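Survey of secondary and tertiary structure
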Amino acid sequence: MIEIPESLRPVVALGCPALGAIFILVFSKRPNLREGVTLLASLLQFSIVFSMVSTVLSGETIQSYLFPVIPGIHFGFRVDAFGLMFALTASFLWILVSIYSIGYMRALQEHAQTRYYFCFALAILGAVGVALSGNLVTFYIFYEILTVSTYPLVAHEQSSEALFAGRKYLAYLLTSGVFLLAAIVLTYSIAQTTDFNPKGILSLASSSRSALIFVFIFFILGFVKAAYMPFHSWLPTAMIAPTPVSALLHAVAVVKAGAFGIVRTVGYIYGIDLMRQLGLGGMLASFAGLTMIGASLFAIAQDNLKKRLAYSTISQLSYIIFGAALLSPMGITGAMIHIPFHAFMKITLFLCAGSILVASGKKNISEMAGIGRRMPITMFAFVVGSFGMSGLPPVSGFVSKWFLGLGTLEAGNLSFLFVLLLSSFMDAVYFFPIIHTAFFGRSGDTESRMHETNKIEEAPMSMVIPLSITAFFSVVFTFPNPATDLLLRLARMAVSQLGGG
Amino acid sequence: MPSVVEHFPVLVVVVSLLSAITILIAGWINRKTAWYISLATLLGQFIASLFILHHVMTVGSIRYRLGGWAPPWGIEYVMDALNAYVLVVLLFLGLVCVIYSKRNIEHELPQKVVSFYTIYQLLITGLCGITVTGDIFNMYVFLEITSLSAYALIASRGKIALKASFTYLVLGSIGACFFLLGVGFLYAVTGSLNIQDLSLLLPPFYGNRVVLAAFVFFLVGLSIKMALFPLHTWLPDAHAFAPAEISAMLSGIIIEVSTYAFIRVAFSVFTLRFLRLLPIFDILSWLGAVAIIIGSVLAITQVNLKRMLAYSSVANMGYIVLALGLSTSARTLPWGGLNPALMHILNHALMKGCLFLVAGAFIYKADLWYIKDFVGLGRKMPYTCAAFVIAAISMIGVPPSVGFVSKLYIILASIEAKKFFFVAVLLLSSLLNLVYFWRVIETMYMKRGKEQDHSHASHGSHVQREEIPFGMLSPIWVLASLCIIMGILWLANVPTPILNQVNSMFGLDMKP
Amino acid sequence: MEWFIAKIFAKYNYWISIILMMIGFYGIVAKDNLIKKIIGLNIFQTAIFLYFISLGAVKAGTAPIVDAEIIRKGYVYANPLPHVLILTAIVVSVATTAVALSLVIRMHQEYGTIEESEIIEKSRDKGMTWT
């Protein structure tokens, strides 16, 4: 294998989806080649991202700055433990979702597949770019690429409903992008730099208290991608997109980019100490707590499976914000590991929803009576995902919630612990009925239909295998093994750099 | 021994003028020659302008005495970093538009090919003249040559364009008269018309009412020419109903060259010291901010694509003027001084040039004027529409496009000047841009027409391709790709030495 | 009265050109007939020419023709530069008028009228609006 110089690796890692996107366009008339390119790009990207792990684990950060944009700001990348975690998650899941997409898109004979794969590759470029970027300006560039490239995926169906969803999507996300830009520019004018620094780059010495709080509010408004309430409604609307899109982008790449951005802001722009001094942690945590509970309430009311999953995502994303806002080492660790763990679990759930759609054409939970008997593998994976969401062992959701729980204790705030437990309970409340319906439900239809229901009718293998893999990983992460060890070490390293212990 | 490049400033103007006459005569014999002569001339001019820029950057400014007369009496052509830069930009867009025009003009004005290229070369002559001249009265003459050719070119499509052209003519002439009056006032005070000479003679008279009135006349006259809100009323119709390449030139270059004329008058004839005496630049920046908002809002109300783009030009002139207004207060590299304003002159030329050429392509192919008729164009004309998308997201200001760089630098400049209101205006304008451009993109790619509704979605890929000829597509793509490439170059600070030289020339000293 | 003479009569050339300019401007703005607009424009331009020429005038000056005798006898002569400038400006103005008139002729062919309001009326359906 060719050795790529360390400092160029982030650039090459981003080059994979970029070149992939171009080749996807070139081979638009030859589906096999086109999808081969997608797979190849995803594999290459993951291997390059993975190759950076050892350096980062040894405590170093990989830096590659390409050219100066304005004084004090270079366009460039800085790979640290936290960024690498997100990049690993996104690039690994891209491989699986690519395989899944091929099955899904072909099975449903979707139109405009070239556009789909092209935009998908660009979205991954945006997500991994967000993860690896070294300062806010680079971050912003990739963040916006992510927004724009996902629009055609949301509006993929091109029906008037999908167009409306697309418009809403852009209206929310680009408006918030404007706030983010304002926040970045203000930060730069205060600190003369926007480089992420584990100690934070702002301080009370550099600006007044109220100005810093003002800028922080702008930052939070800028990260509407994290779908916190009351700016969450774009996410359920965007569920009109094809399922692989909902799975990778609206459970992992897009929304996590928002949550990731909030953690970056809290930890690397403001710094833990400044957040404490300004008292912003409690405010943010209460905000996140409200979303955790509120979104769960909304979720219970949804009949459309993907929409219910979307509200669950909204609730779970706020766990990440919540963990970061606790400003305690355990809380931040929990927030960080919840990014990959939730990604694996939620993607499993979405992929299951897609399989159900492909195999039976059903979108609503009320129609899914007895589906567990027809699609045992899919539904078993779904059970695994649901357990994870509710924080039940032996699925990895338990681990991140455990850390978050410890974090609330460290922060010394029992009401936050209560919120966490209540929310977990409510997760169970809206997931278990699905499982119950799927396995034990009897459809109200005639007996003749009952004949067929017990026949196994799984989705194509290219869909079932990826979701089995993600389900498998969701469980594996609970137990000590190299993969878990890797993520936990990365998270601990990130936290120790932040100075939390 | 003086370099041969020192003769280029005058050659750029004279060759263009001669080629106009040549086209007329040669075209009389064979109509097909017109385009080739025009293309060859512009290519030569463009290469010459690159040499000039290189010479200015490496050796120093060029002063060329016309007919050997010494400056205060004779006319002098002066090339410095500012006009060398503008010259390159304008000739580049002129070249791109002439390549595009071959098929389009054969299609739109089959009877008038020869006269079109004759007047087109006159237009280029006028534009080059405004940029290279070092004499303020000479500038007036070239300004009128430019405008007269523009009136004729706008009117060439007949019908509504005639009315649009007439409105432009009346307003443009008033603007030119104001400019002439300003020249007269300065002459009455100093007895000189040479720009450099004026800048030396004027300082003792800075408090003089006549000098103040002269500046106001220059400002108002050129504001009409550069369509600064609220003097923009001629612009939408003129830009909307001209042939596509002329729309591109009008929006991309002609109003920008008028802005150049204003920068030249403000900084070279009057100087920074004069501008500091009055709150002129504060007022300008507020006007710019209002233009941005009003232009964008009016653009949203348009149903005709080219009119929408025309209003977007009003808004973009607002950006340039706002940046110009901030130029005296922002002093930090790379966004201080004239940098954002000059930068946006190039950026707007690229973006708006591309957009108008695309709009022309729709008219060329299917006579489509209205946004609602664009349904399904994304499939029929994929390459054209893709270029439109690139230019449009550049307008919206998505990184790393040129539009983003412009906006970023203007925002940073406003923050340095402590004008936070402008930051809000700029950010709001991004959203307004988004609204009116996204409407077009959505119609082109996402909406389904009535006939398509009946068929299945999966059959969509069998739509007949109706792409425009390569000769039209390649200029569009050159501009579209430059929208991204230049954005990266700006971010990498590649062209900044030119701008730095402009700033130091005008005494806008920069903090690094 | 002193003041009046000093401000108005002594500088009558400026006042005349200002009055002419306003007349021309009125014509451009208020007249509906396109030809009248062009006449207004011409008056407007002429006013400026008058201003320039009067700048160059010297009391009791002769025509500025350089001749050995003029120099020897020390005649004063008018400043030639404004004249030269205005010659150019007149050419520009004639060209503008020519273009304007040809536009009016073409409009008359298209719409059968040279009244601005009627032309706007007739072309409204093609997307021309006032905004």
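The rules we used
- Residues numbered from 1 in each chain as written.
- Chains lettered and ligands numbered in written order.
- Predicted model: local features only at pLDDT ≥ 70, side-chain atom pairs only at ≥ 80, totals over all residues.
- Heavy atoms only, no water.
- Helix = DSSP H or I, 4+ residues; strand = E, 2+ residues; numbered from the N terminus.
- Buried < 20%, exposed > 50% of the residue type's maximum accessible area, 1.4 Å probe, protein only.
- Contact = heavy atoms within 4.5 Å.
- Axes fitted to C-alpha atoms, helices over the stretch in contact; angles between N-to-C directions.
- Parallel < 35°, antiparallel > 145°, perpendicular 65-115°, else oblique.
- Left-handed = near helix turned anticlockwise from the far one by under 90°.
- Nonpolar A, V, L, I, M, F, W, Y, C, P; charged D, E, K, R; others polar.
- Salt bridge = Lys/Arg side-chain N within 4 Å of Asp/Glu carboxyl O.
- Phe/Tyr/Trp six-rings, centres within 6.5 Å; stacked < 30°, edge-to-face > 60°.
- Lys NZ or Arg CZ within 6 Å of the ring centre and 35° of its normal.
- Buried area = accessible area lost by both parts, 1.4 Å probe.
- Polar contact = N/O pair within 3.5 Å; in protein donor to acceptor, adjacent residues only side chain to side chain.
- Expected span 1.5 Å × (residues − 1).

Here's the deal with the environment of Phe51(B)
Residue and element names in this part refer to chain B. With respect to the helices, strands and loops of the structure, phenylalanine 51 is situated in helix 2 (residues 33–58). For phenylalanine 51, a relative accessible area of 43% gives the class partly exposed. Distance in space between the C-alpha atoms of phenylalanine 51 and phenylalanine 8 is 8.3 Å, their sequence separation being 43 residues. Here phenylalanine 51 is in contact with Val5 and Phe8, once residues within four sequence places are set aside.

Some details on the packing of helix 6 (residues 136–154) of chain A against helix 10 (residues 243–270) of chain A
Residue and element names in this part refer to chain A. Packing of helix 6 against helix 10 brings their axes to within 12 Å, and their N-to-C directions diverge by 160°. What the angle tells us is that helix 6 and helix 10 run roughly antiparallel. Between helix 6 and helix 10 lies a crossing whose hand is left-handed. Within the contact between the two elements, helix 6 uses Leu136, Phe139, Tyr143, Leu146, Thr150, Leu153 and Val154 and helix 10 uses Val245, Leu249, His250, Ala253, Val254, Ala257, Gly258, Phe260, Gly261 and Ile269. Within the contact of helix 6 with helix 10, the residues separate by chemical class into 13 nonpolar, four polar and no charged.

What to know about the pattern of salt bridges
According to the stated counting rule, one finds 17 salt bridges over all chains in the structure shown. Between Arg167(A) and Glu442(B) there is a salt bridge; the shortest N-O distance is 2.6 Å. Linking Arg167(A) in helix 7 (residues 160–191) with Glu442(B) in helix 18 (residues 420–446), this pair reaches from one chain into another. On the basis of relative accessibility, which here comes to 3%, the residue Glu442(B) falls in the buried class. A salt bridge links Lys401(A) to Asp427(A), with the nearest nitrogen and oxygen atoms 3.3 Å apart. In this pair, Lys401(A) sits in helix 17 (residues 397–411) while Asp427(A) sits in helix 18 (residues 414–440), placing the two residues 26 residues apart along the sequence. Summarising the burial analysis for this pair, Lys401(A) and Asp427(A) share the class buried. Residues joined by salt bridges that share partners form a network here, namely Arg34(A), Glu35(A) and Arg106(A).

Here's the deal with the environment of Tyr65(A)
Residue and element names in this part refer to chain A. By the secondary structure assignment, tyrosine 65 is in strand 1 (residues 62–70). Along the backbone, tyrosine 65 and valine 11 are 54 residues apart, and their C-alpha atoms lie at a distance of 9.7 Å. Ignoring anything within four residues of it in the chain, the contact list for tyrosine 65 reads His74, Phe75, Gly76, Phe77, Arg78, Gly134, Asn135 and Asp195.

Some details on the packing of aromatic side chains
All names here are of chain A. Under the counting rule described, the total for this entry stands at 72 aromatic pairs over all chains. Consider the rings of phenylalanine 341 and phenylalanine 477, whose centres lie 5.0 Å apart with planes at 20°: the pair is stacked. Placement of the pair is phenylalanine 341 in helix 14 (residues 329–360) and phenylalanine 477 in the loop between helix 20 (461–476) and helix 21 (482–497), with a sequence separation of 136 residues. With respect to burial, phenylalanine 341 and phenylalanine 477 carry one shared label: buried. An aromatic cluster is defined as three or more aromatic residues linked by ring pairs; in this entry it consists of Phe82, Phe86, Phe139, Tyr143, Phe196, Phe216, Phe219, Phe223, Phe260, Tyr268 and Tyr270. It is lysine 225 that lies over the ring of tyrosine 143; its NZ or CZ is 3.4 Å from the centre. For the cation-ring pair, arginine 264 lies above tyrosine 268, with the distance from its terminal atom to the ring centre recorded as 4.6 Å.

Here's the deal with the interface of chain B and chain A
Opposite the 30 residues of chain B that make contact, chain A presents 33 residues. Interface area, chain B with chain A, both sides summed: about 2,800 Å², of which 75% is carbon and sulfur. The interface formed by chain B and chain A includes one salt bridge. In this structure, the connection of chain B to chain A is made through three residue pairs in polar contact (both at pLDDT 80 or more). Looking at the side of chain B that touches chain A, the elements that each hand over two or more residues are helix 17 (402–416), helix 18 and helix 20 (470–491) of chain B. Tallying contributions element by element places helix 18 of chain B first for the side of chain B that touches chain A, with nine residues. Along the lines of polarity and charge, the residues of the side of chain B that touches chain A split into 22 nonpolar, three polar and five charged.

Here's the deal with helix 12 (residues 280–301) of chain B
Residues and elements named next belong to chain B. Relative to the 32 Å expected for 22 residues at 1.5 Å per residue, helix 12 spans 31 Å between its end C-alpha atoms, a close match to the ideal helical length. Ile280, Phe281, Leu284, Ser285, Gly288, Ala289, Ala291, Ile292, Gly295, Ser296, Leu298 and Ala299 are the residues of helix 12 that are buried. On its buried face, helix 12 is in contact with helix 8 (209–225), helix 10 (244–269), helix 11 (272–277), helix 13 (305–326) and helix 18.

Looking at the interface of chain B and chain C
The partner chain C presents 40 residues to the 36 residues of chain B that form the contact. Carbon and sulfur atoms make up 78% of the surface buried where chain B meets chain C, a total of about 3,300 Å² over both sides. When residues of chain B are sorted by the area they lose upon contact with chain C, Lys163(B), Phe166(B) and Tyr187(B) head the list and together hold 21% of the total. Close ionic contact of Glu116(C) with Lys163(B) constitutes a salt bridge, the shortest N to O distance being 3.1 Å. Summed over the shared surface of chain B and chain C, the result is two residue pairs in polar contact (both at pLDDT 80 or more). Here the residues of the side of chain B that touches chain C sort into 25 nonpolar, five polar and six charged.

Focus: the packing of helix 10 of chain A against helix 13 (residues 305–326) of chain A
All names here are of chain A. Contact geometry for helix 10 and helix 13: axes closest at 10 Å, N-to-C directions at 20°. Judged by the inter-axis angle, helix 10 sits roughly parallel to helix 13. When the axes of helix 10 and helix 13 are compared, the crossing they make is right-handed. Contacts between helix 10 and helix 13 pair Thr243, Ser246, His250, Ala251, Val255, Lys256, Ala259, Ile262, Val263 and Val266 from the former with Lys306, Thr313, Leu317, Ile320, Ile321 and Ala324 from the latter. Within the contact of helix 10 with helix 13, the residues separate by chemical class into ten nonpolar, four polar and two charged.

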